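One-letter residues, chain by chain:
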Amino acid sequence: MACAAARPETASAASRAPVKNTEQIRWTAFILAKPFVILGSGTAAFGSCAHFTKFTQDGAVINTNSYKKAGVDIEAGADLVERIKPLAGSTDRSGVMGGLGGFGGLFDLKAAGFKDPILVAATDGVGTKLKIAIETGRHDTVGIDLVAMCVNDLVVQGAEPLFFLDYYATGALNPAAAASVVDGIAEGCRQAGCALIGGETAEMPGMYAKGDYDLAGFAVGAAERTGLLPRNDIAPGDRILGIASSGLHSNGFSLVRHMLAGLETEFTDASPLTSGSVWADELLIPTRIYVRSCLAALKTGKLKGLAHITGGGLPENVPRVLPDGMAARIDAGAWELPPVFRWLMDEGDIAAAELARAFNCGIGMIAIADSAGAGDVAKALRDAGETVWEIGTIEDVRDRGDRVMLDGLESAWRG
């Protein structure tokens, strides 16, 4: 694509008819506009304008300011395109429409099997967990985190994730690092059963420190109108099932990094939590993707609600799916606090209640079902590979303000 800039007296003429000879226009600038990066069946873009060159009236170049000199490497962008095409293609699924080269990705809900769908959308990032990936040069798992943080928020509403788009921003594009990130994104999409149909790679000199980048993800899913969660029949006596997390997931890393810095501990130092591991091994474990297991539980017809336990922990995320007047009573001793959270609590001298509000504390997702159906829901989750505990019940608390009561925190977690 090319863009032409003309003097006011010639611009209208240029727009009315094709230009057969450049002498028809008194050129003042020529811009080679941004190429489009193709991701799977969708499109994306990187950079902005490739070159700005000023010409004299007779065509002689009088000034050149190439994009590469300004800090944007078009060749690096083209290299990245070739690296990520097969990664995006590996996530193809039913419903994806069209080929490469459009301005947006297309998706056919009918081809995906939906009859009366409601679309559900979510967006999220990875946060300062990225700093650990950047400082250690280990970029291959944060893409999974990015997908997980979005698609887990879709499935709690009963939605099947359909497609995903990513935004990767950096000061200077490193194709190998970026491709490693996208490799993780593609892996996350495969785990979630959604297609990577587009994205944006933005190279912005001066916006980021050397080597730094940021990520944002955007996911869209669908649920049949009759299958949306949470259901409106959550009631006192319903059981709360806790589904194990894989670790810290993608929350609380500002606190984690602050603690390690205070202890003068490097991410490459040996970890006391697992023999033979370093801290980066522990901290970069990717966020668990619960899509397939939760969709399996949904098919039992017994699932009433799901809550993704992210920032704010159990106290702030469980109430998001409860009807007015309902609260959750949770037994903190119903599962074992994983070692990384116990270490944080002990080394950081963090109160158990504060820990519960900052981290998932070993529970990455909760499911709600009545007493008759809880066993079927738990079996479906376990059959799909999850570790599940019954951790509490729903209560009527119309006369009290607490929406989540965590019983036995100190005794269970300090023991």
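Since we're looking at a predicted model, the values are computed, not measured.

**What about the overall build of the protein?**
Then comes step 1: A tally of helices and strands in the protein yields 14 helices and 18 strands.
Then comes step 2: Out of the 415 residues belonging to the protein, those deemed buried represent 48%.
Then comes step 3: Residue pairs at least 24 apart in sequence account for 80% of intrachain contacts in the protein once pairs closer than 6 positions are excluded.
Then comes step 4: For the protein, the exposed area adds up to about 18,800 Å²; of that, 51% sits on carbon and sulfur atoms.

**Some words on the nonpolar core**
Then comes step 1: Phe 164, Leu 355, Ile 366 and Trp 413 are the most contacted members of the largest nonpolar core, which has 104 residues in total.
Then comes step 2: Looking at this core, the element that brings in the most residues is helix α5 (residues 142-155), giving nine residues.
Then comes step 3: Of all hydrophobic cores here, the second largest spans ten residues; its members include Phe 107, Ala 112, Phe 114 and Ala 222.

**So, the pairing of strand β17 (residues 388-396)**
Then comes step 1: Of the strand pairs in this sheet, strand β13 (residues 239-244) and β17 are connected by five bridges, and their pairing is antiparallel. What sits directly across from Leu 241, in β17, is Glu 390.

**Brief notes about the sheet that holds β13**
Then comes step 1: Read from one edge of the open sheet, six strands run β14-β16-β13-β17-β15-β18, paired in mixed fashion. With partners counted over all chains shown, the strands left at the sheet margins are β14 (305-308) and β18 (404-407), one partner each. In this sheet, neighbouring strand axes are inclined to one another by 25 degrees on average, regardless of whether the strands run parallel or antiparallel.
Then comes step 2: Pairing of strand β15 (residues 326-331) with β18 involves four bridges; the strand directions are parallel. Bridging across to β18, Arg 329 finds its partner in Met 405.
Then comes step 3: Sheet strands in contact with helix α13 (residues 374-383) are β13, β16 (363-369) and β17, and its direction is about 10 degrees off that of β13.

**Focus on helix α9 (residues 291-298)**
Then comes step 1: Here α9 has its buried residues at Val 291, Ser 293, Cys 294, Leu 295 and Ala 297.
Then comes step 2: Residues of α9 that are buried sit in contact with α5, β10 (160-170), α6 (175-192), β14, β16 and α13.

**Quick notes on the confidence of the model for the protein**
Then comes step 1: Looking at the protein, pLDDT values average 86 and 83% of them are 70 or higher.
Then comes step 2: Across residues 1-57, where pLDDT falls below 50, the model places 132 contacts with residues more than four positions away in sequence or in other chains.

**Overview of the packing of α5 against α9**
Then comes step 1: Two elements in contact, α5 and α9, have axes whose closest approach is 10 Å; the angle formed by their N-to-C orientations is 5 degrees. Between α5 and α9, the angle is such that the two are roughly parallel. Contact residues: α5 offers Val 151, Asn 152 and Val 155, while α9 offers Val 291, Cys 294 and Leu 295.
Then comes step 2: The residue inventory of the contact of α5 with α9, partitioned by class, reads five nonpolar, one polar and no charged.

**Quick word on the side chain of Asn 317**
Then comes step 1: You can see Asn 317 is positioned in helix α10 (residues 313-317).
Then comes step 2: Of the polar contacts made by the side chain of Asn 317, one reaches the backbone oxygen of Thr 310; its length is 3.4 Å.
Then comes step 3: A polar contact of 2.9 Å, which involves the side chain of Asn 317, links it to the backbone oxygen of Gly 313.
Then comes step 4: Filtering out sequence-adjacent residues up to four positions away, Asn 317 remains in contact with Ala 307, His 308, Ile 309, Thr 310, Gly 311 and Gly 312.

**Quick word on the pattern of salt bridges**
Any two side chains of opposite charge can pair, on the condition that their charged atoms come close.
Then comes step 1: Within the structure shown, the criterion is met by 19 salt bridges.
Then comes step 2: For Asp 116, the salt bridge is made with Arg 225, and the minimal N-O distance between the two is 2.9 Å. Of this pair, Asp 116 sits in the loop between β8 (106-107) and β9 (117-124) while Arg 225 is found in the loop between β12 (213-224) and β13, placing the two residues 109 residues apart along the sequence.
Then comes step 3: Assessed through its relative accessible area of 48%, Arg 225 is described here as partly exposed.
Then comes step 4: Measuring nitrogen to oxygen at the nearest pair gives 2.9 Å for the salt bridge that ties Arg 190 to Glu 187. Here Arg 190 and its partner Glu 187 are both found in helix α6, three residues apart, which amounts to about one turn of the helix.
Then comes step 5: For Arg 190, a relative accessible area of 32% gives the class partly exposed.

Rules behind the numbers
Residues numbered from 1 in each chain as written. Predicted model: local features only at pLDDT ≥ 70, side-chain atom pairs only at ≥ 80, totals over all residues. Heavy atoms only, no water. Helix = DSSP H or I, 4+ residues; strand = E, 2+ residues; numbered from the N terminus. Buried < 20%, exposed > 50% of the residue type's maximum accessible area, 1.4 Å probe, protein only. Contact = heavy atoms within 4.5 Å. Areas by Shrake-Rupley, 256 points an atom, 1.4 Å probe, with all protein chains shown as cover. Core = buried A, V, L, I, M, F, W, Y, C linked by side-chain atoms within 4.5 Å. Pairing = 2+ DSSP bridges. Axes fitted to C-alpha atoms, helices over the stretch in contact; angles between N-to-C directions. pLDDT = per-residue confidence, 0-100. Parallel < 35°, antiparallel > 145°, perpendicular 65-115°, else oblique. Nonpolar A, V, L, I, M, F, W, Y, C, P; charged D, E, K, R; others polar. Polar contact = N/O pair within 3.5 Å; in protein donor to acceptor, adjacent residues only side chain to side chain. Salt bridge = Lys/Arg side-chain N within 4 Å of Asp/Glu carboxyl O.

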